[in-house]
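Listed below are the residues making up each chain.
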Amino acid sequence: MLKLIAIFILVPCALALYDPTQLPDYPVYYNAYNQQCNIPVKCDSDTRCPDVNDFKDLEEWAQDEACFKFETYSEYQQKSCSLIEECEYDYNLFFTKALSDEQEFGVKNTMTTDILLRQLASKGKCKVRNLLEGRCANFSRSLSLDECHRNLVHRCDTTYPYRSYDGHCNNLKNTNWGQAGNPFKSEIATCFDDYVSKRRLSSTGRCLPNPRGIIYDFQEIYKDFKPDEGNLFNMFGLVFLEHVNNDIVGRTHKRVRNATAGFRGCHADGSGVCDSRSPLTCPLTVPCNDSYYGPLHVECLNFSPVENSNDHCSVRYPLKRNTESSYVDLSIVYGDGNYDKNGKLFTSYCESSTAIDPNHVISVQFLAISGLFSQLHNYCVDNMRACGKYQTQEEIVEKCRSLTIAVYQRILYEEVLPVLFGDMYPKCNFDCKYDANIESTVSLAYVNTAGRFPHIWLPDNLTLVQGDTRVRKPFNTFFRNFGAYDCTSVLKGLLEDPIHTGTLADIVINTFFSKDNKMGHCLMCLDLERGRDAGLCPMLVYKHYFDKVAGRTPKCYNTFDDLSDTFGSDAIGVFKKHYESPQDLDALMLLFELFEADTTSLLPATVATATCLQYKRLKAGDRFFYTWNEFLTPALKELIKSLDMKTLLALFGGMDKVPVDPWHFESDKVTAKSLKDKFNPKAKLFCSC
């Protein structure tokens, strides 16, 4: 643990010779684990390059193929038999948004490059790896097609004091950094079997084990454990962290021209793969002996891969698209910036911004927390207008937006992350400065592994607090019919419910997004499959990488029993049952690591390291982060310091009493009136903004 502490003190936000906060544009294959452990590295000594006499002809062929495929795939949006129907439990779980003309160009360009690289990989894996890593001097790093170079140039006004809505011009040196639609990035090159598209295989060349079988067996080994009662972190904190994830991560399934509620891969009853399934799906099979799905005659679960992003046809390893700006900027609340005539956000249930409405897989708990920030924006607008001081609507809107985002950032970095990391928090070195050379981006390892940690804390039931009555209801019931629940009762329940640790809930394994709480999806199976779809490398590769970053001594694991320093015997038993070798383990298994001596952290070591780096990257690369935003007035800065989460709950939560520590379920409470009275004198600051 001492080594872990040392490295986080020594790694600054500013770039160094080796800085893990900066993710590469062109990552390379990570060989360090194999080399240390004397495992052969494929293609290690192969220096060949693709042999293509007329690369331009190949590009044009790939472009024609992409246009043909796009039109063919788009035809499925007109076939009702290929779409998930409204009566099904996973209706809208795999929803896709419509494409603008500009987005359609990007999707087609991405498909063009994918098709070309797959063609080259079919002629030689090692050759295409050398091409992807820039070792082929005769090939450009991007395709030469005119469509690939339709680059929208942003002309940034360096004196404009407000951030854009899609993230562009936050970084003045690289104007598209952090922008919505960009790819997630990777610490290391992805591990597709052919380097470009084919799923990773086991160390002996077989298919990896069935995701459902692995995840179900993990629930079986934990089901007799009692939930950990020593942790005071509550469901309010969990949903807040999920809100942050949705703010910085916008995954989109492969799209066609028009919006859909999801393409079909399985029969409606899950009895098998559908004959009319769309090629945009990749159904998950369920083992025939599955003790939960078996009696329901479910053999198939729908799954839709996430869209790649390579709009300018770079010759690089494939990466998935992020449809949100990667900044901690409440982009999921503000959307494209749609306000009423007074500059207030349009709101719906729980006073949450209507910008969230198109995102169908959200619960009322999510809306209730999001609504606190929508209400803060609108409260700010009302107060500024009441001053009688003339300001343009843009000034009022953007100052209130700056305030709301800054309050949100301060709560995350000064209230939530200290609880999440415990004693490790100071070692993460979040007390850093803006660095224009660091891209505020989200890593594939965080999106598909470390960032999934809230899922294993989900309970089957959540509490509603109505006066002195407490009612427990299945988590799934909160996804639909928002109007059936009182938002204040929802917030009170979140504040009183502890996170669910030590066991895996049915909601996570069997009934996610269910309508009747019987037939549903396997959330963690989706997590595992998305990691494979994204080309994540084996778990031991990421563990080795993050151990080096954190100053821990990387180790070799030749047998499953060697993993006893990292996993419990029950988890190792699941590995032995499903995997051929420790080298095959999926990266998601890092969520089940044993905790080290630092019991103050809520996260196991590798997940904590990856998460620490992710949040450092998001802060260090944000020109408008509140602690160094030069455009914030003294009055705004004073308001930001005064508006902590308990004050937001007092102002907008609709409750009589508010917890002193909103992140601990056993916190003492104070009256909301006392907090309002404490804040009210500060309200005059709105007239000085």
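Owing to the predicted nature of the structure, the values given are computational and were not obtained by experimental measurement.

Participant: How should I be thinking about the overall build of the chain in this particular structure?
Facilitator: Secondary structure summary: the chain contains 20 helices and 6 strands in total. In summary, the chain has a C-alpha radius of gyration of 25 Å against a globular reference of 26 Å for 689 residues, a match within 12%. Overall, the chain is about 75 × 60 × 60 Å in size when its C-alpha atoms are taken along their principal axes. Going through the 689 residues of the chain one by one, you find that 61% of them count as buried.

Participant: What am I meant to see in the environment of Tyr76 here?
Facilitator: On the secondary structure map, Tyr76 appears in the loop between helix H3 (55-75) and helix H4 (101-121). Residue class for Tyr76 comes out buried when judged on its relative accessible area of 17%. Separated by 203 residues in the primary sequence, Tyr76 and Pro279 have C-alpha atoms spaced 9.0 Å apart. Those residues in contact with Tyr76 that lie beyond four places of it in its chain are Ser82, Leu83, Phe263, Ser276, Arg277, Ser278 and Pro279.

Participant: Could you clarify how one ought to interpret the nonpolar core in this entry?
Facilitator: One recurring pattern in soluble globular proteins is that nonpolar side chains are buried together. If you look at the biggest cluster of nonpolar residues, it comprises 206 residues, and the most contacted ones within it are Phe218 and Phe240. It is helix H10 (residues 393-421) that provides the largest number of residues to this core, a total of 15 residues. Ignoring any residue separated from it by four or fewer positions in sequence, one finds Phe218 in contact with Leu504, Ala571, Val574, Phe575, Met589 and Phe592.

Participant: Is there a simple way to explain the environment of Asn629 in this structure?
Facilitator: Mapped onto the elements of the fold, Asn629 is located in the loop between helix H17 (605-620) and helix H18 (634-642). Here Asn629 falls in the buried class, since its relative accessible area comes to 7%. Separated by 395 residues in sequence, Asn629 and Asn234 have C-alpha atoms that sit 31 Å apart. In this structure Asn629 touches Arg623, Phe624 and Lys637, once residues within four positions along its chain are discounted.

Participant: Would you explain the packing of helix H7 (residues 235-248) against helix H9 (residues 364-386) in this entry?
Facilitator: Any two packed helices are characterised by the angle at which their axes cross and by the distance between the axes. At a closest axis distance of 9 Å, the pairing of H7 and H9 adopts a crossing angle of 75°. It follows from the interaxial angle that H7 and H9 lie roughly perpendicular. Side by side, H7 and H9 meet where Phe236, Val239, Phe240, Glu242, His243 and Asn246 of the first sit next to Gln365, Phe366, Ile369, Ser370, Leu372 and Phe373 of the second. Looking at side-chain class alone, the contact of H7 with H9 contains 7 nonpolar, 4 polar and 1 charged residues.

Participant: Mind showing me how you'd approach the pattern of salt bridges here?
Facilitator: Side chains that differ in sign of charge can pair as their charged atoms come close. Considering all chains together, one arrives at 40 salt bridges under this definition. Here Lys108 makes a salt bridge to Glu71, at a shortest N to O gap of 4.0 Å. Of the two residues, Lys108 is situated in helix H4 and Glu71 in helix H3; the sequence distance between them amounts to 37 residues. Given a relative accessible area of 34%, Glu71 falls into the partly exposed group. The salt bridge partner of Arg472 is Asp497, with a shortest N-O separation of 3.1 Å. Highlighted residues: Arg472 in strand S4 (residues 469-474) and Asp497 in the loop between helix H12 (487-496) and helix H13 (506-509), separated in sequence by 25 residues. By relative accessible area, which is 48% here, Arg472 ends up partly exposed. Beyond isolated ion pairs, a larger network of salt bridges with shared partners links Glu71, Glu104, Lys108 and Arg257.

Participant: Explanation requested: unusual backbone geometry in the structure shown.
Facilitator: Negative phi characterises most residues that are not glycine, and trans characterises most peptide bonds. Phi angles above zero are rare outside glycine, and Glu351 is one such case at about 60°. Glu351 gets classed as partly exposed once you look at its relative accessible area, which sits at 40%. If you check the backbone angles, Asn517 has positive phi at about 65° while not being a glycine. Structurally, Asn517 is set in the loop between H13 and helix H14 (523-533). Among the residues examined, Asn517 registers a relative accessible area of 34% and is labelled partly exposed.

Participant: Just checking my understanding: could you explain the packing of helix H19 (residues 645-652) against helix H20 (residues 672-679) for this structure?
Facilitator: Relative orientation of the contacting elements H19 and H20 amounts to 105°, with a least axis distance of 9 Å. Taken together, the axes of H19 and H20 are roughly perpendicular relative to one another. Residues Lys646, Thr647, Ala650 and Leu651 of H19 lie in contact with H20, whose contacting residues are Ala672, Leu675, Lys676 and Phe679. Across the contact of H19 with H20, the residue classes tally to 5 nonpolar, 1 polar and 2 charged.

Participant: Would you mind going over the state of the cysteines with me for this structure?
Facilitator: Covalent bonding between the sulfur atoms of two cysteines defines a disulfide. In total, this model carries 12 disulfides according to the counting rule given. The side chain of Cys49 participates in a disulfide bridge whose partner is Cys136; the two sulfur atoms lie 2.2 Å from each other. A torsion of -100° about the S-S bond marks the disulfide between Cys49 and Cys136 as left-handed. In this pair, Cys49 is assigned in the loop between helix H2 (32-36) and H3 and Cys136 in the loop between helix H5 (125-132) and helix H6 (211-222), connecting sequence segments 87 residues apart. Residue Cys49 is classed as partly exposed on the basis of its relative accessible area, which comes to 24%. Paired by a disulfide, Cys350 and Cys487 hold their sulfur atoms 2.0 Å apart. Taking the sign of the S-S torsion, -90° for the link of Cys350 and Cys487, the bridge is left-handed. Of this pair, Cys350 sits in the loop between helix H8 (331-334) and H9 while Cys487 sits in helix H12, and the two are 137 residues apart along the sequence. Not engaged in a disulfide, the cysteine Cys207 finds its nearest cysteine sulfur in Cys282; these two sulfurs lie 11 Å apart.

Participant: In this structure, what is going on with the packing of aromatic side chains? I would like to understand it.
Facilitator: The geometry of two aromatic rings is summed up by the distance between their centres and the angle between their planes. Evaluation of the coordinates by the stated rule reveals 36 aromatic pairs. Aromatic pair Phe236 and Trp663: ring centres 5.3 Å apart, planes at 45°, arrangement tilted. Residue Phe236 is found in helix H7, and its partner Trp663 is found in the loop between strand S5 (657-659) and strand S6 (669-671); the two are separated by 427 residues along the sequence. With a relative accessible area of 0%, Phe236 lands in the buried category. Between Tyr413 and Phe625 the ring centres are 5.2 Å apart and the planes differ by 90°, which places this aromatic pair in the edge-to-face class. Of the two residues, Tyr413 sits in helix H10 while Phe625 sits in the loop between H17 and H18, which places them 212 residues apart along the sequence. The same class applies to Tyr413 as to Phe625, namely buried. Here the guanidinium or amino end of Lys42 rests over the ring plane of Tyr195, the centre of that ring lying 5.0 Å away. Just above the ring of Tyr76 sits the side chain of Lys79; from NZ or CZ to the centre is 4.4 Å.

Participant: Looking at this model, I keep getting lost on a negative patch on the surface. Mind explaining?
Facilitator: A cluster of acidic residues, Asp54, Asp57, Glu60 and Asp64, forms a negative patch on the protein surface. By secondary structure assignment, the location of Asp57 is in helix H3. On the accessibility criterion, Asp57 (44% relative accessible area) is partly exposed.

Reading the values: the criteria
- Residues numbered from 1 in each chain as written.
- Predicted model: local features only at pLDDT ≥ 70, side-chain atom pairs only at ≥ 80, totals over all residues.
- Heavy atoms only, no water.
- Helix = DSSP H or I, 4+ residues; strand = E, 2+ residues; numbered from the N terminus.
- Rg over C-alpha atoms; globule rule 2.2 N^0.38 Å.
- Buried < 20%, exposed > 50% of the residue type's maximum accessible area, 1.4 Å probe, protein only.
- Contact = heavy atoms within 4.5 Å.
- Core = buried A, V, L, I, M, F, W, Y, C linked by side-chain atoms within 4.5 Å.
- Axes fitted to C-alpha atoms, helices over the stretch in contact; angles between N-to-C directions.
- Parallel < 35°, antiparallel > 145°, perpendicular 65-115°, else oblique.
- Nonpolar A, V, L, I, M, F, W, Y, C, P; charged D, E, K, R; others polar.
- Salt bridge = Lys/Arg side-chain N within 4 Å of Asp/Glu carboxyl O.
- Disulfide = S-S within 2.5 Å.
- Phe/Tyr/Trp six-rings, centres within 6.5 Å; stacked < 30°, edge-to-face > 60°.
- Lys NZ or Arg CZ within 6 Å of the ring centre and 35° of its normal.
- Patch = residues over 30% accessible without salt bridge, like charges linked within 9 Å, V, L, I, M, F, W, Y side chains within 5 Å.
- Areas by Shrake-Rupley, 256 points an atom, 1.4 Å probe, with all protein chains shown as cover.
- Lys, Arg positive; Asp, Glu negative; His and termini not counted.
- Charge placed at Lys NZ, Arg CZ, Asp CG, Glu CD.

Just distances and angles here, no functional claims.
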